[in-house]
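Chains, contacts and geometry: an overview
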Amino acid sequence: MISRVADHCFWMGRYLERAESTSRVLRVTSSLVLDAILPPAQVWTSALAVCGEDEPFLALHGSAATADGLRVTEFLTWDTTVPSSLVNSVYAARENARSIREVVSLEAWEAINELHLWLSDGGGRREWEARPDAFYRQVRTGTQLILGAVEHTMLHDNAFDFIVLGVLLERVGQTARILDVHHHALMQLPPDLVREETLWLSLLRACAGFEPFMKRKAGRVSPGEVATFLMLEPRFPRSLVFCLREADQRLASIRTPGDQSFPPLRCQARLAALERFLASRKVEDEDLHALLTHVVEETAAICGELHQELFEAPQRARPAPAERPWAEA
Amino acid sequence: MLSDYRALPGAFDELLGATDKLRATVEAMLAGGSAEDFARTQALAEAALLNQGVTFSVYSDSRGVEKIFPVCLLPRVISAHEWARLERGLQQRVLALEAFVEDVYAEQRILAAGAVPPEVVLGSAQYLPALRGLRPPAGVRIHISGIDLIRDGGGVFRVLEDNLRTPSGVSYVLENRLLSKRLLARAFEAARVRPVNQYPARLAGALRSVSPVAPEETTIVVLTPGPYNSAFFEHSFLARQMGVELVEAADLFVDDDRLFLHTIRGPKRVHVVYRRTDDAFLDPEVFRPDSLLGVRGVMRAWAKGNVALANAPGNGVADDKGVYPFVPEMIRFYLGEEPLLEQVPTYQCARPEDRTYVLEHLAELVVKVVDEAGGYGMLMGPTSTAEEREEFRRRILADPRRYIAQPRIELSTCPTWVSQGRCVAPRRVDFRPYVLNSAAGPWVLPGGLTRVALREGSYVVNSSQGGGSKDTWVLKGDG
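Topic: the overall build of chain A
- Secondary structure summary: chain A contains 15 helices and zero strands in total.
- Its C-alpha radius of gyration of 21 Å places chain A within 12% of the 20 Å reference for a compact globule of 329 residues.
- C-alpha extents for chain A along the principal axes are approximately 70 × 50 × 40 Å.
- Per-residue burial for chain A yields a buried fraction of 46% across its 329 residues.
- The long-range share in chain A, meaning contacts at least 24 apart out of those at least 6 apart in sequence, stands at 73%.

Here it is in structure tokens:
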């Protein structure tokens, strides 16, 4: 598979996941504001922080504007100068897909193109103004449709592996940031049982984890349980451990261990190490912020390695047969 | 819908000018439906193209705008009899053009014989002296051509220009056909139309036939300038339809005079490149030392016979508009035959007597720059202003070799859906059939791109300037 094509597949996956996550965060945040248990400015600042756009927003609109939900959602949804705005994520996912139209299935391409057209031809904007909740829901179902079409109509070859890898590594970062930001916000406040429970449930919803959590924990909501669930639950598809394990599987399908035609991947070793490290933690013994920061930074470093090893296309000279097999790291 | 349809004065109409039988077929096919029905079908077609991303790009801002190439579902119909004549004429023309390029980069017999003036060929910006003495794999150079035809007031097809470098548009032929079959199924069935969907397989076959290695070991790629190229959709479409990789120049490199692809597993050898990039951006070693674009060394690999490039570099010398007037001579010289297809009378400003005539008749002529395409750099005499004519007079006098002039040929018209008026009216069309040449000889796709000037009174069919397209139905029988 061409290195450039692998790169586009990976980023198509990442941007799709980012769009889905942003739409979910904005929808949940809009709902949380209505509960009025926290000042709106604090709730919206958290949403901005999850998207990594709190500082640009403050610089552009000032801190008073963080209380204005319309300003914040406009910024995170439509502003084309905001790198991770919803409209930019969908545009970038679609541009990546367009560049590799020959590997994306027709049905997946049509789904991604239709979502992009709806966001850019005024139809999405009208829905957002009239029914914001329905708008975010439609973006979410749009991205789910695309990934469903990818899974069920594309060849499950390396192109597919790279798309899914992009989705999973983006999701690790999103889940870690959502958890970190909420945890941080709660630590700033005096203890209040009702408020805490509302916030933790809202956090679960932002990660599509409400019902799965309830099933596993039979309704016992505590900060430690929620954090443990989002980080370590092996069967929840948005938990950190689940995503890292699946990403490892994808890399193993791109380069099976012992593959003679291909040197071992540093990114794969590093990913497996992060997964093992995380799975061995006990959340109650940890400084959660430090741990989540480590996960976010390590994931970024893994993406950097991946880029160097697989996408940058150095003119890798093929070694003489005598120099193989590769020593497995 | 056709009851009020009238031809334009002076123009040949593809429907009204057809034989009674063909005309009856088309009329029966289109009868019955109301304008309302048709408007709905037409809207469906446009929505399908947009959703599927069947677009070309116009870059006016950083994001660029993608537009669909507007399609009119009312087809252009060509009878089996007419087609047989066109097909023979196109094959003849491509064979002569192949022989010409081969000769120009070898012995130059035709120049020595005086059938084509040497200064016209050797003075062409498209003639690449560095290629002299090189013979591409299997000796084929014009693997893919698009020959632009128009039909004059008398209904005679005439070649307007040859496109022997990177002719585009065939993806629209295939996409338009899908729309016809989906949206006009009954009419399509009744008309008995020859299929066009074999094109990608034929193209892959033609490319494989010139491979330096065995067909089953051959790796073919389509080389695109990238997603920002206006024809990117087509590049991607062809790669997809043939099941081969779509690559950009940065994906390729040359080592030991062989061409390789960067893959996640290291280098992979490439044997045939269907390149959709201009010669100038093919290899910085040869064409533009200052350029970072292209694949360094690919011309060396080609010269060694290690990779086939389709179309071959240097073909531009044969589709140069200054060389065009001599194609009938080429047919006589190389094939010993009389040309089967007519051309358009052409004045060459390089010749003093032609130049004088052109400068005196600018208001009646169409003036073209020999190395421009896409409808750019033209003077449409009959609709021009005095200033435009003055500008062209200056330019012609400054560099006469770059200009030719032709009388404005009346284009034929086709019944065309006018969405604003919700009616059918005559609009001018041209026609681009596609010819594939391989080791086995030329093959003409039974169909082609009919481009239509959608604006009332317009002669300009280019997609960048208000043109649209129609499916072209080549019938199996004569109606």
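This is not the end of the story, as more comes after the structure.
A closer look at the interface of chain A and chain B
- Each partner contributes residues to the interface: chain A has 22 residues there, and chain B has 21 residues.
- Breaking the side of chain A that touches chain B down by element, the ones donating at least two residues are α1 (3-35), α5 (86-99) and α6 (106-120) of chain A.
- For the side of chain A that touches chain B, the per-class residue count stands at eight nonpolar, five polar and nine charged.

Section: the pairing of strand β6 (residues 220-223) of chain B
All names here are of chain B.
- Across the two faces of β6 the burial is the same, with I220 and V222 and V221 and L223 all buried.
- Judged from the three bridges that link them, β6 and strand β7 (residues 245-247) form a sheet pairing that is parallel. Looking at β7, one finds that L223 is bridged to V247.
- For the crossover from β6 across helix α9 (residues 232-242) to β7, the handedness is right-handed.

Quick look at the pairing of strand β15 (residues 365-369) of chain B
All names here are of chain B.
- Buried residues dominate β15, accounting for four of its five residues.
- Two elements, β15 and strand β17 (residues 403-407), share five bridges in a ladder whose sense is antiparallel. Across the sheet, residue K368 finds its bridge partner in β17, namely I404.
- In the sheet, β15 pairs with strand β16 (residues 379-380) via two bridges, with the strands oriented antiparallel.

The rules behind the values
Residues numbered from 1 in each chain as written. Chains lettered and ligands numbered in written order. Predicted model: local features only at pLDDT ≥ 70, side-chain atom pairs only at ≥ 80, totals over all residues. Helix = DSSP H or I, 4+ residues; strand = E, 2+ residues; numbered from the N terminus. Rg over C-alpha atoms; globule rule 2.2 N^0.38 Å. Buried ≥ 20, exposed ≤ 12 C-beta atoms within 10 Å, placed from the backbone. Contact = placed C-beta atoms within 7 Å. Nonpolar A, V, L, I, M, F, W, Y, C, P; charged D, E, K, R; others polar. Pairing = 2+ DSSP bridges. Right-handed = clockwise from strand over helix to strand, strands pointing away.

Take it as geometry only, folks, not as evidence of what the structure does.
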